[in-house]
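Architecture at a glance
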2 protein chains.
Amino acid sequence: MSLTDIRYDAVMGRWEPDARGRLLQAAFELYVERGFEETTVAEIAAKARLTERTFFRHFTDKREVLFAGASDLQALLVNLVLNAPAALTPMATVRAAFIEAAAFFGEQPEFARQRQRIILSSTELQERELIKLATLASAMGGALRERGVKEPGASLAAEAGVTAFRIAFDRWANGPTQRELAGVMDDVFIQLRSITSET
Amino acid sequence: MSLTDIRYDAVMGRWEPDARGRLLQAAFELYVERGFEETTVAEIAAKARLTERTFFRHFTDKREVLFAGASDLQALLVNLVLNAPAALTPMATVRAAFIEAAAFFGEQPEFARQRQRIILSSTELQERELIKLATLASAMGGALRERGVKEPGASLAAEAGVTAFRIAFDRWANGPTQRELAGVMDDVFIQLRSITSET
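Quick caveat, the model's predicted, so the values are computed rather than measured.

Scoring rules and cut-offs
Residues numbered from 1 in each chain as written. Chains lettered and ligands numbered in written order. Predicted model: local features only at pLDDT ≥ 70, side-chain atom pairs only at ≥ 80, totals over all residues. Heavy atoms only, no water. Axes fitted to C-alpha atoms, helices over the stretch in contact; angles between N-to-C directions. Helix = DSSP H or I, 4+ residues; strand = E, 2+ residues; numbered from the N terminus. Parallel < 35°, antiparallel > 145°, perpendicular 65-115°, else oblique. Left-handed = near helix turned anticlockwise from the far one by under 90°. Contact = heavy atoms within 4.5 Å. Nonpolar A, V, L, I, M, F, W, Y, C, P; charged D, E, K, R; others polar. Buried area = accessible area lost by both parts, 1.4 Å probe. Salt bridge = Lys/Arg side-chain N within 4 Å of Asp/Glu carboxyl O. Polar contact = N/O pair within 3.5 Å; in protein donor to acceptor, adjacent residues only side chain to side chain. Domains from an automatic or database assignment. Expected span 1.5 Å × (residues − 1). Buried < 20%, exposed > 50% of the residue type's maximum accessible area, 1.4 Å probe, protein only. Arc of directions from axis to C-beta. Phe/Tyr/Trp six-rings, centres within 6.5 Å; stacked < 30°, edge-to-face > 60°.

1. A word on the packing of helix 8 (residues 153-174) of chain A against helix 8 (residues 153-174) of chain B
Between two packed helices, both the angle of their axes relative to each other and the distance between the axes serve to describe the pair. With their axes 10 Å apart at the nearest point, helix 8 of chain A and helix 8 of chain B run at an angle of 150 degrees to one another. Compared by their axis directions, helix 8 of chain A and helix 8 of chain B come out roughly antiparallel. The element helix 8 of chain A and its partner helix 8 of chain B pack so that their crossing is right-handed. On helix 8 of chain B, the residues that touch Ser155, Leu156, Glu159, Thr163, Ala164, Arg166 and Ile167 of chain A of helix 8 of chain A are Ser155, Leu156, Glu159, Thr163, Ala164, Arg166 and Ile167 of chain B. Here the contact of helix 8 of chain A with helix 8 of chain B is built from residues that sort into six nonpolar, four polar and four charged.

The following block contains the structure:
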């Protein structure tokens, strides 16, 4: 929760701490209980004891609730790539960034797993996820170019990294709950290296 | 042109050979001349001297005109993966399939380049392209599993292959016109191996 999460809810007539967090939680619960398609913004707001107007101050639509963390994750990963030790190869840079960022999800495994299930339930959400991941790969490719990596190397490393991340995330979200995301990610990066080397 | 392209145009009242081909050509010309957003199905049909009804017998909407080849390409690639020599590694199988399929576009380079420019002009089309490529990767991953490749290897090889294909295709479509797609693709696959091995 940040300071921007504390806003005045004009209609409810009081200060609402962490309105964003309450909306997120209410939306997730409703999406899991009755499905994403069937849930309305009015229902999310009601469950969070807030108004629709407050909802729309935080999110553009009910889909965006599920992608609220995407730009934070992207900023974190780009930052990690830009600030990685100069001696690291492009692929090692990308891999280290993802493993470090695993803590981003690792803190809330149940939340990440729920999100995954909701996304898989809707074609529209899966499409949105693809677009966010393509944007992420493109941003990481740009960060690698800023480090002096040439094309197509920068794009290949960034795209291959995002692929490994996505596959690792799926395995982690659907696998035994005690495994750590960072460990699963490391395994998948090792397998990526091994499978692409055998040509 | 296939037999299914020869259909009776009820409104125009005559047999129309290659209506599909004419609609494709008219649509591409209009998308390049005045932009994808600005072009209507009525205009495409008029330019091809066909009716809108005929258009909708061939394509669900004006967007689909640009993705008409996607399912043929996918069927071809899946087939090539399933029928590759058993001794090939997963990545070599994927690479060989893409290089063989390069002829699919290689025959009509100007068409492929135009298509690329049209897609880049619209966010909606780029999203559609992402979805088609994700479907392709998933189908090729399935074909690898049928060959006995385990997960996550099958998905990693298929996804990495689609990434290399996409990057090679972009470079080819925007590079010197005399280069062959198969050659550009081979280069990118070699760079993929080299970049992922350095971790």
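More follows now that the structure is in view.
2. Topic: the interface of chain A and chain B
The partner chain B presents 31 residues to the 31 residues of chain A that form the contact. Approximately 2900 Å² of surface area, both sides summed, lies buried where chain A meets chain B, with 74% of it carried by carbon and sulfur atoms. Of all residues in chain A, Leu156, Ile195 and Thr199 of chain A bury the most surface against chain B, accounting for 22% of the area lost on that side. At the junction of chain A with chain B, the criterion picks out two salt bridges. With a shortest N-O distance of 2.9 Å, Arg166 of chain A and Glu159 of chain B are connected by a salt bridge. Seen at the junction of chain A and chain B, the total is five residue pairs in polar contact (both at pLDDT 80 or more).

3. So, the domain arrangement of chain A
Residues and elements named next belong to chain A. Entries for chain A in the domain assignment read domain 1 (3-65) and domain 2 (69-197). For domain 1 and domain 2, the distance between their C-alpha centroids amounts to 28 Å. Every contact between the two is made by seven residues of domain 1 and, on the other side, nine residues of domain 2. Together, the buried faces of domain 1 and domain 2 total about 910 Å²; carbon and sulfur atoms form 65% of this surface. Looking only at domain 1, the three residues that lose the most surface to domain 2 are Phe28, Phe36 and Arg63, adding up to 62% of its buried area. Inspection of the domain 1/domain 2 interface yields two residue pairs in polar contact (both at pLDDT 80 or more). Taken together, the residues of the side of domain 1 that touches domain 2 sort by class into four nonpolar, no polar and three charged.

4. Focus on helix 9 (residues 181-197) of chain B
Residue and element names in this part refer to chain B. The terminal C-alpha atoms of helix 9, which comprises 17 residues, lie 24 Å apart, in line with the 24 Å expected from a rise of 1.5 Å per residue. Here helix 9 has its buried residues at Leu181, Val184, Met185, Val188, Phe189, Leu192, Ile195 and Thr196. The arc that holds every buried residue of helix 9, seen down its axis, measures 140 degrees, which confines them to one face.

5. Quick word on the packing of aromatic side chains
Residues and elements named next belong to chain B. All chains considered together, the criterion is met by 16 aromatic pairs over all chains. Centre to centre, the rings of Phe98 and Phe165 are 4.8 Å apart; their planes meet at 15 degrees, and the pair counts as stacked. Here Phe98 is found in helix 5 (residues 90-106), whereas its partner Phe165 is found in helix 8, with 67 residues between them in sequence. Residue Phe98 is classed as buried on the basis of its relative accessible area of 1%. Using a relative accessible area of 6% as the deciding quantity, one classes Phe165 as buried. Relative to Trp172, the ring of Phe169 has its centre 5.5 Å away and its plane inclined at 55 degrees; by these criteria the two rings are tilted. Taken together, the residues span about one helical turn, with Phe169 and Trp172 both in helix 8 at a distance of three residues. The residues Phe169 and Trp172 share a single accessibility class, namely buried.

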